[in-house]
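Survey of secondary and tertiary structure
Listed below, chain by chain, are the residues.
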Amino acid sequence: MNAPFSDPKAIAEAGETIYRDMYQKDFEQNQRGKFVAINVKAKTATLGDTASDALLAAQKADPHGVFHLIRVGFTGAFQLSRHQRVSQGSLAK
Amino acid sequence: MSAKEVSLNNNGHPYIKIKVYGISDSFAQEFDALVDTGFTGFLHMPLTLALPLGLTLLSTANYSIGDGSTVSNLIAFGTIDYEGQKTFGPISLEQNPQCRDVLIGMEYIHQSKHMLVLCEAGAVMLDMEEMAQIAIKAREALEQSKAASSEKSPTISPNVENQNPN
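Cut-off values and rules
- Residues numbered from 1 in each chain as written.
- Chains lettered and ligands numbered in written order.
- Predicted model: local features only at pLDDT ≥ 70, side-chain atom pairs only at ≥ 80, totals over all residues.
- Helix = DSSP H or I, 4+ residues; strand = E, 2+ residues; numbered from the N terminus.
- Rg over C-alpha atoms; globule rule 2.2 N^0.38 Å.
- Buried ≥ 20, exposed ≤ 12 C-beta atoms within 10 Å, placed from the backbone.
- Contact = placed C-beta atoms within 7 Å.
- Expected span 1.5 Å × (residues − 1).
- Arc of directions from axis to C-beta.
- Nonpolar A, V, L, I, M, F, W, Y, C, P; charged D, E, K, R; others polar.
- Pairing = 2+ DSSP bridges.
- pLDDT = per-residue confidence, 0-100.

**Thoughts on the overall build of chain B**
Helix and strand counts for chain B stand at four helices and ten strands. Tracing chain B from N to C terminus, the helices and strands come up as β-β-β-β-α-β-β-β-β-α-β-β-α-α. Compactness check: chain B gives a C-alpha radius of gyration of 24 Å against a globular reference of 15 Å for 166 residues, more than 25% above the reference. Principal-axis analysis of the C-alpha atoms places the extent of chain B at approximately 90 × 40 × 35 Å. In chain B, which comprises 166 residues, the share counted as buried stands at 32%. For chain B, restricting intrachain contacts to residue pairs at least 6 apart in sequence, the fraction spanning at least 24 positions comes to 55%.

So, in structure tokens, the structure goes:
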């Protein structure tokens, strides 16, 4: 695993802190529903309509950046309903 | 029209066969992926399955789970090859070793311009652009049919006085 990503929880917490302190108030008024990639090293934010848009633009701006993805106005960048999970072993052919 | 096969498991959940890879398709591996309409992302898979795929880690993201909890996952960019159609997007990597499933989410459905059709007999993935063209043609045919029938049929006046000679 790439060294900067050996502690994903720390990256996520750093990204959330940068977002909360520097961008949240403004973005939640004007950019609700958009995705934002927080560069946790440079403390910059890159917005996009989709997760791909935000991350690709952020990577283009800083190819060596380490990012944390947030969806403006949402608790998580993505929702996942685990109750639907089933074992692959039950796949009917 | 190109309809792609979708398998249903014993619980009726739709699965598709995909190949996933990172920096080169020489790393591609095939997976049975559950089409999970409750997942808003692109692709979700266990980190252990992703290691041989040549993915480049890029980001982290928090995920809101159905039980109200939140987890942090790694994100890498990669390509999904579904019956020859290649779609590039952010793949989330599940670190919980108990999670074994590969999930296709709504962002993949949107990005790849697919439409999932489920019915009692089974399921298929349809090309949304082809479906839109069919819908446009059907509407044009309907409008032409209406125009033709209104040319042939005289207009019936709803005025009762005109229908009553007395």
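There is more to say after this.
**Topic: the overall build of chain A**
Along chain A, the regular secondary structure elements total three helices and four strands. Across chain A, helices and strands are ordered from the amino to the carboxyl terminus as α-α-β-β-α-β-β. When the 93 residues of chain A are sorted by exposure, 31% land in the buried category. Expressed as a percentage of contacts within chain A between residues at least 6 apart in sequence, the contacts between residues at least 24 apart total 45%.

**Overview of helix 1 (residues 8-22) of chain A**
All names here are of chain A. Relative to the 21 Å expected for 15 residues at 1.5 Å per residue, helix 1 spans 21 Å between its end C-alpha atoms, a close match to the ideal helical length. Along helix 1, the residues that are buried comprise Pro8, Ile11, Ala12, Gly15 and Ile18. The arc that holds the buried residues of helix 1, viewed along the axis, is 130 degrees, so those residues lie on one side. Every exposed residue of helix 1 that faces more than 90 degrees away from the buried side is listed here: Lys9, Arg20 and Asp21.

**Examining the interface of chain B and chain A**
Contacts between chain B and chain A engage 35 residues on the former and 35 residues on the latter. Secondary structure elements with two or more residues in the side of chain B that touches chain A: strand 1 (3-8), strand 3 (29-35), strand 5 (56-65), strand 6 (70-82) and strand 7 (85-94) of chain B. Ranked by residues supplied to the side of chain B that touches chain A, first place goes to strand 5 of chain B with nine residues. When grouped by side-chain class, the residues that make up the side of chain B that touches chain A number twelve nonpolar, 18 polar and five charged. Here three bridges tie strand 3 (residues 67-71) of chain A to strand 5 of chain B, and the two strands are oriented parallel to one another.

**Description of unusual backbone geometry**
In this model, Lys43(A) sits at a positive phi of 60 degrees, which is unusual for a non-glycine residue. With respect to the secondary-structure elements, Lys43(A) resides in the loop between strand 1 (35-39) and strand 2 (44-48). The exposure class of Lys43(A) is partly exposed, given the 15 C-beta atoms found within 10 Å. Despite not being glycine, Lys113(B) shows a phi value in the positive range, around 55 degrees.

**Overview of the pairing of strand 6 of chain B**
All names here are of chain B. Of the strand pairs in this sheet, strand 2 (residues 14-21) and strand 6 are connected by three bridges, and their pairing is antiparallel. Across the sheet, valine 20 pairs through a bridge with isoleucine 80, a residue of strand 6. Two elements, strand 6 and strand 7, share nine bridges in a ladder whose sense is antiparallel. Among the inter-strand pairings, isoleucine 80 is bridged to a residue of strand 7, identified as threonine 87. Turn length for the strand 6-strand 7 hairpin, with the two strands adjacent in sequence and antiparallel, is two residues, and the turn residue glutamate 83 shows positive phi of about 50 degrees.

**Let's talk about helix 3 (residues 128-152) of chain B**
A rise of 1.5 Å per residue sets the reference length of helix 3 of chain B, with its 25 residues, at 36 Å; its end C-alpha atoms lie 36 Å apart and thus fit the reference within 8%. Helix 3 of chain B sits mainly on the outside: zero of its 25 residues count as buried.

**Overview of the confidence of the model for chain A**
Residues and elements named next belong to chain A. Mean pLDDT over chain A works out to 86, with 84% of the residues at or above the 70 mark. The secondary structure element of chain A with the lowest average pLDDT is strand 4 (residues 78-80), at 92, and the one with the highest is strand 2, at 98. The model gives residues 83-93 a pLDDT under 50, and that stretch makes 25 contacts with residues more than four places away or in other chains.

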